[in-house]
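Structural overview for review
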Amino acid sequence: TRDYSVIEVYDENCSQVAEFRSNQIAPWQFSDIVDLLGTYYNTGLIVIERNAAGGTVCEKFVNKATISKSAYLNLYKYRDPERKGKRKVGFPTTSNTKPRIISNFQEKFEKDEMLIKSPHLLREMKFYMSDDSGKTNGTDGHDDCVMATALALEGHKEQNKQYYMPFTRDSF
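Residues numbered from 1 in each chain as written. Predicted model: local features only at pLDDT ≥ 70, side-chain atom pairs only at ≥ 80, totals over all residues. Heavy atoms only, no water.

1. Section: unusual backbone geometry
Backbone phi values are negative for most residues with the exception of glycine, while trans is the configuration of most peptide bonds. The phi dihedral of cysteine 14 is positive, around 65 degrees, even though this residue is not glycine. Relative accessible area serves as the criterion here: at 2%, cysteine 14 is assigned to the buried category. Even without being glycine, alanine 52 reaches a positive phi, approximately 45 degrees. (Buried < 20%, exposed > 50% of the residue type's maximum accessible area, 1.4 Å probe, protein only.)

This is the structure:
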C-alpha cells in the first residue's frame, strides 16, 4: 500500500484542529497544500519530514524562499547535534531521532496533554507497536498520521523553547 502524505495541525494547546491525508498526491502538489494550510492557520510553524518525498517538499519551500517575497518562512530547521553547522529545513527521521519524537508523542498522549480528533490517527495509534528489536512502526502498514503528529509535537516543543526564533529570508 502507498504511503499517505499527511498534515496534522495542532494549536498552541496541542489540540488537533485539522488533518489532510491523501495517497493520491504528488510531492509538488502536497507542498502547495502545506503552504496554504500554514498560511490559513496564522503562519504556524511547519515541520516537514525531510526523508523521501518530504525532501522534495523541503526543496520546493527553500527554492521559493530564495526567489519570492511571498514565500512561507516559518519552517522548522533541524540542527544535527553531532555536526556543528547550519540548520537545514525539515526534520530527518532516523534511528536516532524517531524514538525521541515518538516518546514525546506517547508522553503527551498518556498525560492527557493533547486532544486528538482524527479517527485515522486513532486507528493508526492502535496498530503502532515496537518490534523485538525496539523499532516502532504501524503493524498494519500505516504510520503516516502518527509520524505527522510526532513531528507537529516536536515543532510545538521547539517553538516553546526560549531560544526559538522564526527564520527570515536571509536564513535560507
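Having seen the model, we can carry on.
2. Overview of the packing of aromatic side chains
Counted under the stated rule, the structure contains five aromatic pairs. Between the aromatic rings of tyrosine 76 and phenylalanine 91, the centroid separation amounts to 6.0 Å while the plane-to-plane angle is 55 degrees, which identifies the pairing as tilted. Within this pair, whereas tyrosine 76 is found in the loop between α2 (53-67) and β3 (77-78), its partner phenylalanine 91 is found in the loop between β4 (88-89) and α3 (98-110), the two being separated by 15 residues in sequence. One aromatic cluster is present, built from ring pairs that chain together Tyr76, Tyr78 and Phe91. (Phe/Tyr/Trp six-rings, centres within 6.5 Å; stacked < 30°, edge-to-face > 60°. Helix = DSSP H or I, 4+ residues; strand = E, 2+ residues; numbered from the N terminus.)

3. Overview of the environment of asparagine 160
Its location among the elements puts asparagine 160 in the segment after α5 (144-159). Note on asparagine 160: relative accessible area 55%, which makes it exposed. Separated by 56 residues in sequence, asparagine 160 and asparagine 104 have C-alpha atoms that sit 14 Å apart.

4. Re α5
Think of an α-helix as turning once every 3.6 residues; residues three or four places apart then point the same way. The end-to-end C-alpha separation of α5 is 22 Å, in line with the 22 Å expected for 16 residues at 1.5 Å each. Of all the 16 residues making up α5, 13 are buried; the element is thus mostly covered by neighbouring parts of the structure. (Expected span 1.5 Å × (residues − 1).)

5. Some thoughts on the pattern of salt bridges
This model, assessed by the stated rule, comprises eight salt bridges. Two residues, lysine 98 and aspartate 143, come together in a salt bridge whose shortest N-O distance is 4.0 Å. With lysine 98 in helix α3 and aspartate 143 in the loop between β6 (136-138) and α5, the pair connects residues that are 45 residues apart, well separated along the chain. Here lysine 98 matches aspartate 143 in class, with each residue buried. Residue lysine 157 is joined to glutamate 154 by a salt bridge in which the shortest nitrogen-to-oxygen separation is 3.6 Å. A residue pair is termed a helical-turn pair when its members lie 3 or 4 positions apart in one helix, as lysine 157 and glutamate 154 do in helix α5 at three residues. Look at the salt bridges and you will find they share partners, linking Arg100, Glu154 and Lys157 into a network. (Salt bridge = Lys/Arg side-chain N within 4 Å of Asp/Glu carboxyl O.)

6. So, the packing of helix α1 (residues 27-40) against α2
α2 packs onto α1 with a crossing angle of 60 degrees between their chain directions and a minimal axis gap of 9 Å. Accordingly, the angle class assigned to the pair α1 and α2 is oblique. Crossing handedness for the pair α1 and α2: right-handed. Residues Pro27, Trp28, Phe30, Ser31, Asp32, Val34 and Asp35 of α1 touch α2, and the partners they reach there are Ala53, Thr56, Val57, Lys60, Phe61 and Lys64. Classifying every residue of the contact of α1 with α2 by side-chain character gives seven nonpolar, two polar and four charged. (Axes fitted to C-alpha atoms, helices over the stretch in contact; angles between N-to-C directions. Parallel < 35°, antiparallel > 145°, perpendicular 65-115°, else oblique. Left-handed = near helix turned anticlockwise from the far one by under 90°. Contact = heavy atoms within 4.5 Å. Nonpolar A, V, L, I, M, F, W, Y, C, P; charged D, E, K, R; others polar.)

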